[in-house]
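So the chains spell out like this:
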Amino acid sequence: MIREAVIMAAGLGTRLKERTTFMPKGFLRLGELPIVEWSVQKLIAAGIERIIIGTGHCSEWYEELAKKYPLIDLVYNKDYAATGSMGTLLLCAEKLRAAAALILESDLIYDAAGLFVLINDPRPNVILASGATNSGDEVYLEADSRRLLLGNSKKKAELGSVYAELVGISKLEKDTLDAMSAYCRAHAEDQPTMEYEAAMSALSRAAVEGKTGKKFAIGIRKIEYYAWREIDDESHYEMARREIYPRILENEEIRAVKREVLLNPGPATTSDSVKYAQVAADICPREKEFGEVMEWICGELSDMVGGRDRIKTVLFGASGTAADEVMISSCVGEGKLLIIDNGAYGERFGKIASSYSLPHEVYKSSGQVLPDTGAIKKRLLDGGFTHLALVYHETTTGLLNPVPELCRFSREHNITTIVDAVSAFAAIPIDMEQDCIDFMASTSNKNIQGMAGTAMVFCRKEALEKIKSYPMRSYYLNLWDQYSHFEKTGQTRFTPPVQTLYALRQAIIEAKTETIAKRYERYSACWKILVRAVRELKLSMLLPEEAQSKLITAIVEPDSPAYSFNELHDRGREQGFTIYPGKLSDAATFRIANIGDIRESEMERFTVFLAEYMKGLH
Ligand SMILES: *Cc1c(COP(=O)(O)O)cnc(C)c1O
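Residues numbered from 1 in each chain as written. Predicted model: local features only at pLDDT ≥ 70, side-chain atom pairs only at ≥ 80, totals over all residues. Heavy atoms only, no water.

> Mind showing me how you'd approach helix α7 (residues 234-254) here?
Count 3.6 residues to each turn of an α-helix, and residues three or four apart come out pointing the same way. Along its 21 residues, α7 runs 29 Å from first to last C-alpha, staying within 8% of the 30 Å computed at 1.5 Å per residue. If you look at α7, its biggest bend is around 50°, right at Ala 240. Every buried residue of α7 is accounted for by His 236, Tyr 237, Met 239, Ala 240, Ile 244, Tyr 245 and Ile 248. Buried-residue contacts for α7 involve β2 (29-30), α1 (35-45), β7 (108-110) and β13 (228-230). (Helix = DSSP H or I, 4+ residues; strand = E, 2+ residues; numbered from the N terminus. Expected span 1.5 Å × (residues − 1). Bend = angle between axes of the 7 residues up to and from the residue. Buried < 20%, exposed > 50% of the residue type's maximum accessible area, 1.4 Å probe, protein only. Contact = heavy atoms within 4.5 Å.)

Written out as C-alpha cells, the structure is:
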C-alpha cells in the first residue's frame, strides 16, 4: 500500500514566460481547477494520506492550497533558483514517514489510471512511461532487456536505444530516494542543478551493472497510449487543453459507477473512490501491513471524537447494531442501566438489555418532542442507576437528544454513559471528553461515507480500563477482549472485513479533506432544499424544524387516497433516488435522509421529482 506522495513544485517554469512570472506552473488552469489541484485530488482518490509538496518559486500559492487540503505538508527549498528538481526532492524525501512513496512533477496532467498501475506494480521501484507523444520536449528512456532503467536524455542520440518516454510519476522506496539524495550531494560541485531523473538513471544503471545494491534498479512501466502531458511551454498548454484534457475526462467518465442517490438513513451514498478502494491486492489480515491499516483507522477515528490519547476505537466486523450490543453486553458489569427510549433505536437498546437479562429500566418518551431532562436526571438518582444509555440522533424521527446535558450530569454522579451515535458521528461534531460520553457506537456506512460491514465502539480510556474484569456475556461481541487482543497483537480476534476496511480508510481520508464541520454544512444545505420543497408542497413534518437534526426528515404522508409509498418509492428508484418508509407506529410518515456523498444539485433534482409526484395526486 502506498500512503504518501511527493510533488516537486519549486521550479521557475521560465518557458511559459509571463504566465509563470508571478505564479508556479502547477497553477495553470484546465477546466475549473489548477493542474496541481487536479493532481492532489487524484492522489487523494488513490488513497494517499499525506502529500508533501516541495515549493520554491512563488511558494505562497502552495501555502493557500495547503489551507484547503489538510493532508498537504509543504517543504520550502530556499535555493530553488540554484538547484534542480533533485535539490527539492531530497528535502522532501527527508520528511517521508512511509517506506515508499509516489513522486510526481507538478506540471503534469494525467489519467489517474497511471497511479493505479504504479501502486499495483509488484516492483518496489518503478517509473511510469509512455509511447511516443511527439510533444517536442520528450525525456527519452533507455532500458535493458528486463525493462530496467539505464539512462535518460532529451536527445535520442545520447542513448543506446529508446524504450519509452518519461511521464514524471514514479513509485520509489525511501532507501532509493536516500541513495539518490546521496548521489546528488556527492555531485553538488559538478552538477549543482541536477534533475531527479538524472539521479534515478545514475543509480539504476549502477545497480544494473552491479556497482551498487541490486535493489536500486528501477523498473519502467510503459503504457503505450497513456493520456498525459507535461506543460512546459505555450504549445504544450494548448495541446493539453485541446486534446489531452478532454481525453482524460472521457477516460474518467468511462470508469464512473452508476449513480444511485440513497436518501435512506444508511447505508449512505459513497464516492466512487471509496467504492474503488475495495479493489486492492488480496492480503491476509494477520499480516503486519494490514494491522497498520487498522491501527491507522482507529487512530484517525479516535481523533474525530476527542483525540487518540484519550479515546480508543475498537472495530468489529458487523453492522451498527452490533456496536450497540457490544456496549450493552460489555460495559454494564454488575450495574443497573437506565435506557431512554424515544424511538426505534432506544427501543432496540431495551431489547438488547432484555436479551442479556440485564437489570435495566426503560424510560419512555415521545419521539416528537425533546425528552424531559429534569425528570430523567431525577429518575437516574432515585433509581440508583449506574449506567445510562441513549441515542444521540434518533434516526426514527430525526430528533437530536440532549446528550451533552444528560452525560455531563451523569459524570457528576459517577454514572457511566453509553451512547448510540450511529447516525450522528461524522456529521455532528462530537467531543466525547467534553460531552462526558464514556462509550459510543457508530458504523462505517453512514456519515463517514464508507461501506457497510464495520461497527465501531469509541471508548474513553479510563472507562475502558474499568470493564476489564466484567463478566463475559457475549463471546464474539466482547469489547475488552477485542480491544486487548488488538493492542497486544495488531490483529482482530476474528477475520475483519478486509475490503470494507480499505473503503473505510479511503472514506476517512475524504472526511478529513472535507472536514466534519463542512460535511455538516453540506448536509444542512441539502436539508434546507428539502424543507423548502416540503413547505411549498404543503406537506407537514413530524418534528418542528428547531428540534431536527438536519440529517433525516420524517414527512407526514399526504392524506390522499391516491398516495402510495410504494409507488413513490418505485418511481424514485427509476430516477436514481432511494427513499425510506417511516418507522413510527403512531404517525404515517416517510423519511428522507440527506447524508452521504450527495450534492445539493441532486437534492434539488429530488425535490422536483417529489413535487411532480405530489402534484399528480390531485
Ligand atoms: C442505522 C442505525 C443503527 C444501526 O443499524 P444497522 O442496521 O445495524 O446498521 C443503530 N442506531 C441508529 C440510531 C441508527 O441510525
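> Can you help me understand the pairing of strand β23 (residues 454-460) in this one?
For β23, a buried count of seven out of seven residues is recorded, marking the element as mostly surrounded by other parts of the structure. Covered by surrounding structure in β23 are Thr 454, Met 456, Phe 458 and Arg 460 together with Ala 455, Val 457 and Cys 459, the residues of both alternating faces.

> It is not clear to me how the packing of aromatic side chains should be interpreted in this structure. Could you clarify?
Any two aromatic rings considered together are summarised by their centre-to-centre distance and by the angle between their planes. Within this structure, the stated rule accounts for 13 aromatic pairs. Geometrically, the ring pair formed by Phe 425 and Phe 458 is tilted, given 4.9 Å between the ring centres and 45° between the ring planes. A residue pair is termed long-range when its members are at least 10 positions apart, and Phe 425 in the loop between β21 (416-420) and β22 (439-443) and Phe 458 in strand β23 qualify at 33 residues. As far as the burial class goes, Phe 425 and Phe 458 line up, both buried. Here Phe 577 and Phe 606 contribute two aromatic rings whose centre-to-centre distance is 5.3 Å and whose plane-to-plane angle is 70°, an arrangement assigned as edge-to-face. Note that Phe 577 is positioned in strand β25 (residues 577-578) and Phe 606 in helix α19 (residues 600-615), a separation of 29 residues in sequence. Taking the relative accessible area as the measure of exposure, Phe 577 reaches 0% and is therefore buried. (Phe/Tyr/Trp six-rings, centres within 6.5 Å; stacked < 30°, edge-to-face > 60°.)

> Quick question: what am I supposed to make of the sheet that holds strand β17 (residues 360-364) here?
Adjacent strands of a sheet pair through backbone hydrogen bonds, lying either parallel or antiparallel. Overall, mixed pairing links the seven strands, which are arranged β15-β23-β22-β21-β18-β16-β17 in an open sheet. Each end of this open sheet is capped by a strand with a single partner; those strands are β15 (311-317) and β17. With direction set aside, neighbouring strand axes in the sheet form an average angle of 20°. As paired strands, β22 and β23 are joined by five bridges and run antiparallel to one another. Looking across to β23, one finds that Met 440 is bridged to Phe 458. Along the sheet, helix α9 (residues 288-304) contacts β15 and β23; its crossing angle with β15, the most-contacted strand, is approximately 125°. Relative to strand β16 (residues 337-341), helix α11 (residues 344-355) is tilted by about 150°, and along the sheet it contacts β16, β17, β18 (387-391) and β21. (Pairing = 2+ DSSP bridges. Axes fitted to C-alpha atoms, helices over the stretch in contact; angles between N-to-C directions.)

> I would appreciate a short explanation of the layout of surface pockets in the present structure.
Over the atoms rolls a probe the size of a water molecule, and its path tells where empty space is left. Its boundaries defined by the atoms lining it, the second largest pocket holds a volume of some 740 Å³. Gly 11, Lys 25, Ser 85, Glu 195 and Asp 232 are the residues nearest the centre of the second largest pocket, which is lined by 31 residues in total. Elements with a minimum of two residues in the lining of the second largest pocket: β1 (4-9), α3 (85-93), β11 (164-173) and α6 (196-208). Looking at the lining of the second largest pocket residue by residue, the class counts come to eleven nonpolar, ten polar and ten charged. (1 Å grid on protein atoms, 1.4 Å probe; cavity = no way out; pocket = protein on both sides within 12 Å on 5 of 7 lines; lining within 4 Å. Points joined across faces, edges and corners; volume = space filled by probe spheres on them. Nonpolar A, V, L, I, M, F, W, Y, C, P; charged D, E, K, R; others polar.)

> Any chance you could explain helix α13 (residues 403-412) here in plain terms?
Regarding α13, the residues found buried are Val 403, Leu 406, Cys 407, Phe 409 and Ser 410. For α13, the arc enclosing every buried residue in end-on projection is 155°, short of the 170-degree limit, so these residues lie on one face. Each element contacted by the buried residues of α13 is listed here: α12 (373-382), β18 and β21. Positioned one or two residues after α13, Asn 414 has a phi angle of 60°, which is positive. (Arc of directions from axis to C-beta.)

> Looking at this model, I keep getting lost on the domain arrangement of the protein. Mind explaining?
For an interface, size is often stated in terms of accessible area lost upon the parts coming together. As assigned here, the protein comprises domain 1 (4-130 + 137-235), domain 2 (273-514) and domain 3 (517-615). If you average the C-alpha positions of domain 1 and of domain 3, the two centres end up 48 Å apart. (Domains from an automatic or database assignment.)

> Where do I start with the pairing of strand β8 (residues 126-130) in this structure?
Remember that side chains alternate between the two faces of the sheet whenever the strand is regular. When you tally the buried positions in β8, you get five out of five residues, the bulk of the element. Here four bridges tie β8 to β11, and the two strands are oriented antiparallel to one another. Across the sheet, the residue bridging to Ile 127 is Ser 170, located in β11. Of the strand pairs in this sheet, β8 and strand β12 (residues 219-223) are connected by five bridges, and their pairing is parallel. When the bridges of β12 are listed, Leu 128 appears paired with Arg 221.

> Please explain the side chain of Gln 491 as it appears in this structure.
The topology assignment puts Gln 491 in the loop between α15 (479-489) and α16 (498-514). Contacts of Gln 491, omitting those with residues within four sequence positions, involve Arg 286, Met 294, His 485 and Phe 486.

> Explain the site of the ligand to me, please; I cannot follow it from the model alone.
Near the ligand there are 13 residues, and of these Ser 319, Thr 321, Thr 395, Asp 420 and Lys 446 occur at the shortest range. One of the side-chain N or O atoms of Asp 420 is found 2.6 Å from a nitrogen atom in the ligand. Interatomic distance of 2.7 Å between a side-chain N/O atom of Lys 446 and an oxygen atom of the ligand. Looking at the shell around the ligand, the elements that each hand over two or more residues are α10 (320-331) and α11. For the shell around the ligand, the element with the most residues is α10, which contributes three residues. Across the shell around the ligand, the residue classes break down as three nonpolar, six polar and four charged. (Near = heavy atom within 4 Å. Polar contact = N/O pair within 3.5 Å; in protein donor to acceptor, adjacent residues only side chain to side chain.)

> Honestly, the sheet that holds strand β27 (residues 589-593) in this entry has me stumped. Any pointers?
Reading across the sheet, the three strands line up as β24-β27-β26 and stay open at both edges, with antiparallel pairing between neighbours. Each edge of the open sheet carries a strand with a single partner, namely β24 (552-556) and β26 (580-581). Taken together, the two bridges between β26 and β27 define a ladder with antiparallel strand orientation. By the bridge assignment for β27, Tyr 580 is matched with Arg 591.

> What's the story with the side chain of Glu 300 in this structure? I'm lost.
Position of Glu 300 relative to the elements: it lies in helix α9. Separated by 3.0 Å, the side chains of Glu 300 and Lys 512 make a polar contact.

> Whenever I open this one, the pattern of salt bridges confuses me. Can you help?
Between side chains of opposite charge, pairing is possible as soon as their charged atoms come close. Per the stated rule, a full pass over the model turns up 52 salt bridges. For the salt bridge of Glu 292 with Lys 288, the shortest nitrogen-to-oxygen distance reads 2.9 Å. Of this pair, Glu 292 and Lys 288 are both found in helix α9, four residues apart, which corresponds to roughly one turn of the helix. We classify Lys 288 as exposed; its relative accessible area is 64%. (Salt bridge = Lys/Arg side-chain N within 4 Å of Asp/Glu carboxyl O.)

> Just checking my understanding: could you explain unusual backbone geometry for this structure?
The bulk of non-glycine residues show a negative phi, and the bulk of peptide bonds are trans. Here the residue pair Gly 266 and Pro 267 is connected by a cis peptide bond, since its omega of -5° sits within 30 degrees of zero. The topology assignment puts Pro 267 in the loop between β14 (261-262) and α8 (272-276). A positive phi angle is found at Lys 538, which is not glycine, with a value near 60°. Here Lys 538 is to be found in the loop between α17 (516-536) and β24. According to the relative accessible area criterion, Lys 538 is exposed, its value standing at 72%. Positive phi, normally seen in glycine, also occurs at Lys 550, with a value near 70°. Summarising the element assignment, Lys 550 is placed in the loop between α17 and β24. Look at Lys 550 and you get partly exposed, because its relative accessible area is 28%.

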